[in-house]
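Structural overview
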Amino acid sequence: MPVDRAVPVAPRHVPVLGHTVALLRDPMALFEALPALGPMVRLQLGRRPVYVVNSPSLVHRVLVTDADAYRQGRLYEKLVPITGNGVAGTDGPSHLAQRRLAMPAFHQARLNSYVDPIREQTLAMTRAWKAGQVIRVDRAMYRLTCFVVGSCLFGRDLEERQVAVIDRWMPVVFQNLFVRSLSPADALDRLPTVLHRRFARARKHLRQLADDLVQDHDPACHGTLMSLLVDARDGETGRPLDARQLTDEVMTFLLTGTEPVAVSLTRLFYELARNPAAEASLHREIDTVLAGRRVTSADLPRLPYTKRLVAEVLRLYHPIYLLMRRTRQPVELGGYRLPADVDVLFSLTTINRNPDSFADPHRFDPDRWLTTPAPAVYMPFGEGHHKCLGGQFAMTELMIATATISAHWRLRPAHGSRTRTIPSGELHPDGVAMALEQRG
Ligand code: HEM
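These lines cover the structure that appears in this document, whether it is placed above or below. (Residues numbered from 1 in each chain as written. Predicted model: local features only at pLDDT ≥ 70, side-chain atom pairs only at ≥ 80, totals over all residues.)

Quick look at the overall build of the protein chain
- Check the secondary structure of the protein chain and you find 16 helices and 12 strands.
- A compact globule built from 440 residues would reach a C-alpha radius of gyration of about 22 Å, and the protein chain, at 22 Å, matches this within 12%.
- With respect to the three principal axes, the spread of C-alpha positions in the protein chain is 70 × 55 × 40 Å.
- Relative to its full complement of 440 residues, the protein chain shows a buried share of 43%.
- Taking contacts inside the protein chain between residues at least 6 apart in sequence as the whole, the part at least 24 apart equals 75%. (Helix = DSSP H or I, 4+ residues; strand = E, 2+ residues; numbered from the N terminus. Rg over C-alpha atoms; globule rule 2.2 N^0.38 Å. Buried ≥ 20, exposed ≤ 12 C-beta atoms within 10 Å, placed from the backbone. Contact = placed C-beta atoms within 7 Å.)

Overview of the site of the ligand
- Close to the ligand lie 23 residues, the nearest being T256, G257, G382, C388 and G390.
- Of all the elements in the fold, those that place two or more residues in the shell around the ligand are helix 11 (243-274) and helix 16 (391-406).
- Grouping the constituent residues of the shell around the ligand by class yields 15 nonpolar, 7 polar and 1 charged. (Near = placed C-beta within 6 Å. Nonpolar A, V, L, I, M, F, W, Y, C, P; charged D, E, K, R; others polar.)

Quick notes on helix 8 (residues 160-181)
- Given a rise of 1.5 Å per residue, 22 residues ought to cover 32 Å, and the 32 Å separating the end C-alpha atoms of helix 8 matches this to within 8%.
- For helix 8, the principal kink sits at W169 and spans about 30°; a proline, P171, occurs within the next four residues. (Expected span 1.5 Å × (residues − 1). Bend = angle between axes of the 7 residues up to and from the residue.)

Some remarks on the pairing of strand 12 (residues 433-438)
- Across 3 bridges, strand 4 (residues 134-136) lies against strand 12 in antiparallel orientation. Bridge pairing links I135 to M434 in strand 12.
- The pairing of strand 9 (residues 409-413) with strand 12 spans 5 bridges and is classified as antiparallel. In the strand pairing of strand 12, L411 is matched with L436. (Pairing = 2+ DSSP bridges.)

Details of the nonpolar core
- In terms of nonpolar packing, the biggest core is built from 115 residues, with Y51, V52, V53, V173 and L206 touching the most fellow members.
- Counting residues per element, this core draws most heavily on helix 11, at 14 residues. (Core = buried A, V, L, I, M, F, W, Y, C linked by C-beta atoms within 7 Å.)

Examining the packing of helix 9 (residues 194-215) against helix 11
- Relative to each other, helix 9 and helix 11 sit at 110°, their axes nearing to 9 Å. One element, helix 9, and the other, helix 11, form an angle in the roughly perpendicular class. Along this stretch, helix 9 crosses helix 11, giving a crossing that reads as right-handed. For the pair formed by helix 9 and helix 11, the contact residues are L206, R207, A210, D211, L213 and V214 on the first element and L246, T247, V250, M251 and L254 on the second.
- Looking at the contact of helix 9 with helix 11, its residues break down into 8 nonpolar, 1 polar and 2 charged. (Axes fitted to C-alpha atoms, helices over the stretch in contact; angles between N-to-C directions. Parallel < 35°, antiparallel > 145°, perpendicular 65-115°, else oblique. Left-handed = near helix turned anticlockwise from the far one by under 90°.)

Considerations on the pairing of strand 1 (residues 40-45)
- Buried residues dominate strand 1, accounting for 5 of its 6 residues.
- For strand 1 and strand 2 (residues 48-53), the ladder comprises 6 bridges, and the chain directions are antiparallel. Within strand 2, the position partnered with L43 by the bridge is V50.
- Count of turn residues in the strand 1/strand 2 antiparallel hairpin: 2 residues, of which G46 carries a positive phi of about 60°.

Examining the sheet that holds strand 12
- In spatial order, the strands read 4-12-9; together these 3 strands make up an open sheet with antiparallel pairing. Unpaired on one side and paired on the other, strand 4 and strand 9 mark the two borders of the sheet. The mean inter-strand angle of the sheet, taken between neighbouring strand axes irrespective of direction, is 40°.
- Each of strand 4, strand 9 and strand 12 touches helix 7 (residues 137-153); the most contacted strand, strand 4, lies at about 60° to it.

Let's talk about the sheet that holds strand 1
- The 5 strands are arranged 1-2-8-5-3 in an open sheet whose pairing can be described as mixed. Here the strands that pair on one side only, and so sit at the sheet edges, are strand 1 and strand 3 (70-72). The mean angle between the axes of side-by-side strands here comes to 35°, regardless of whether they run parallel or antiparallel.
- The strands that helix 3 (residues 56-65) touches are strand 1, strand 2, strand 3, strand 5 (323-327) and strand 8 (343-346); relative to strand 2, the one it contacts most, it runs at about 115°.
- Strand contacts of helix 4 (residues 74-83): strand 3, strand 5 and strand 8, with the helix running at about 105° to strand 5, the strand carrying the most contacts.

Looking at the packing of helix 6 (residues 108-127) against helix 7
- Helix 7 packs onto helix 6 with a crossing angle of 145° between their chain directions and a minimal axis gap of 9 Å. Where helix 6 crosses over helix 7, the handedness of that crossing is right-handed. Counted together, Y114, P117, I118, Q121, T122 and M125 of helix 6 and A140, L144, F147, V148, S151 and C152 of helix 7 form the full contact between these two elements.
- Of the residues belonging to the contact of helix 6 with helix 7, the class tally is 9 nonpolar, 3 polar and no charged.

Right under this line is the structure:
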């Protein structure tokens, strides 16, 4: 008798492929239907069971209380061709050492020093804008986050051609990641499909770029994430990180530092256009606090509405909608016994839309954060050993970019434009065409 016999199985599975078809067709519809079936639901990817955790307290157990019983799961295995042994995909003592190495780049004093470059990169983007022009906001925000990572974390201005490589190939990685993590068999990754051939090309171009960034690092530049990595020495042998490890780490930060912020900024401006009251509150705050001058790090605590707005975007449209772990050993979770070596999956997007945690959860309401103290269930940057290293950096970037853009611009959906959310490793708004209106 299988040990997981009692975990309810989600509907919409078909012979042989299980839930793969439903997941690839409309993942959000499937995930959003699962909490009604119970705190734990089983999906079948071919012959492989995957346990979806729907309750915030059980996610907390997986990530924090019982974290040692889990390791990174299939999602991260599928990232290995891109990020290799980088910090996001490792476990145990080496993972801890990799985190410690990068942490100084995200201390408060460093975060404050990132405010000016974030603002200046945002101004460089908006300087080229013209009233009435229609732009692809998703692509513009993607490029912005590339330039920000370049100047803040790598201490250099990325070249246009380098940003073009990230912009062209990173979305291919995320799309593939989604398909590969949910495919019924690993062997399918080796089929010569168009998707897989593009993944191989994305890998080649992106790793080459990360490698070039390491090679071109200016040794006179200190205090950046890049210099922390390049200057690191092993405590016992005195050896630096080898070239491959450096590329793995730089690749990891290129991947984690761009896409989720770009997706969140895109959502934020899309939601502002649909919520005039929220937009008016934001403009009022920015006009009062900044009164026409440029935003600085000292302004961050004076922009509480901007912060609530960002928090609400990350709640309702969390960019990373599926995360995974794998059991190291048999575990008990939510009253069920799971065997060793099975994948456990959870979606922060559906967790954040749980009506037990958030009243009227589908309503976009930044002011819910006025009366609702952030409950323990709200974990936009994860929890435990693998908690986001760049969480505060992301908050700073989202707030500074929002304030800088909104001080002078309002974005409106372009006439006849059709935005869709595409199945990708992230909840990915695609084709967001918006018209630029100058304010004031
Ligand atoms: C809105 C933006 C962001 C969101 C919502 C976000 C969210 C997350 C989450 C939920 C995790 C945990 C994944 C897990 O437990 O499996 C994570 C990990 C990570 N994030 Fe972020 N992140 C964001 C931006 C950033 C930025 C800007 C950086 C770097 C500059 C970054 C670097 C990382 C790294 C390196 C990890 C892996 C940490 C580890 O495994 O020890 N993230 N992020």
